[in-house]
Amino acid sequence: DVVNGLQTLASTAMDFARAAAEDEAAAAALSTTLRNTARATDEQVGNVENWISATQNQTGVMDDDLRPALDRLVRSTGDVGEAQDLLTLAMDISAGTGNDLQSVAEQLAMAEDGRVRGLQSLGIATRDAAGETLTFEEITANAAATFGGQMAASLETTEGQLAVASARFEAMKEEIGARLIPVLLAVSDFILTRLVPALSAAVAWVEENWPR
């Protein structure tokens, strides 16, 4: 009926708005890291957000996963471009090993800091024939040689295509939600400041004046 339909519509609107608000908060957290750690400008922060959106729509990897992974890599590298390159590599490793993106990014960040055992456990060569630890550049080159193209290959599968469709729907949901937030705030303000007091006054008048 009409009431149930309105309730469903309101619930959906709140769900969309909540997704947009959570996305905004995550973007703000990453922006703070970019500015504090890599001295990123407003333009660079905007470019990173555009890159995240494009990457989500192209790969099906959600921005909820991309942002914290990039955040971790920026904190280790101190460089936005290098962190983005490492995140692209992390997506290949994640697709090839089945490990979640955040844990792979963490292992790459640790290796950049000199702790390579985690990458070794993923099957990436971290030592030379003499047993000496390779440089980080050599390790990432080995990782690229081993796992390069895994993300692209995963997108050829049904699962990969469904992930892309889901990511694009989520992006649409967040975009609609962002537009709904001002409307919902205005409606809630009207209800709290005008409708509720008016109804309360009406109920009080009825209780006082209606014959019993």
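The structure reproduced in this document is the subject of the present report. (Residues numbered from 1 in each chain as written. Predicted model: local features only at pLDDT ≥ 70, side-chain atom pairs only at ≥ 80, totals over all residues. Heavy atoms only, no water.)

1. Concerning the packing of helix α4 (residues 80-97) against helix α7 (residues 136-147)
Between α4 and α7, the least distance of the axes is 9 Å, while the angle of their chain directions is 40 degrees. Comparing their axes, α7 and α4 come out oblique. The crossing of α4 and α7 is left-handed. Contacts between α4 and α7 involve Glu82, Leu86, Leu89, Asp92, Ile93, Gly96 and Thr97 on the former and, on the latter, Phe136, Thr140, Ala143, Ala144 and Phe147. (Axes fitted to C-alpha atoms, helices over the stretch in contact; angles between N-to-C directions. Helix = DSSP H or I, 4+ residues; strand = E, 2+ residues; numbered from the N terminus. Parallel < 35°, antiparallel > 145°, perpendicular 65-115°, else oblique. Left-handed = near helix turned anticlockwise from the far one by under 90°. Contact = heavy atoms within 4.5 Å.)

2. Description of a nonpolar patch on the surface
Where nonpolar side chains cluster on the molecular surface, the patch consists of Phe169, Met172 and Ile176 and spans about 260 Å² of accessible area. Along the chain, phenylalanine 169 turns up in helix α9 (residues 158-209). For phenylalanine 169, a relative accessible area of 44% corresponds to the partly exposed category. (Patch = residues over 30% accessible without salt bridge, like charges linked within 9 Å, V, L, I, M, F, W, Y side chains within 5 Å. Areas by Shrake-Rupley, 256 points an atom, 1.4 Å probe, with all protein chains shown as cover. Salt bridge = Lys/Arg side-chain N within 4 Å of Asp/Glu carboxyl O. Buried < 20%, exposed > 50% of the residue type's maximum accessible area, 1.4 Å probe, protein only.)

3. Focus on helix α3 (residues 63-77)
End to end, α3 covers 20 Å across 15 residues, agreeing with the expected 21 Å (1.5 Å per residue, within 8%). The buried fraction of α3 is high, at eleven of 15 residues. Phi turns positive, to about 70 degrees, at glycine 78, one or two residues after α3. (Expected span 1.5 Å × (residues − 1).)

4. Overview of unusual backbone geometry
A positive phi is found at arginine 39, a non-glycine position, where the angle reads about 55 degrees. One can find arginine 39 in the loop between α1 (2-38) and α2 (42-59). Overall, the relative accessible area of 62% leaves arginine 39 in the exposed class.

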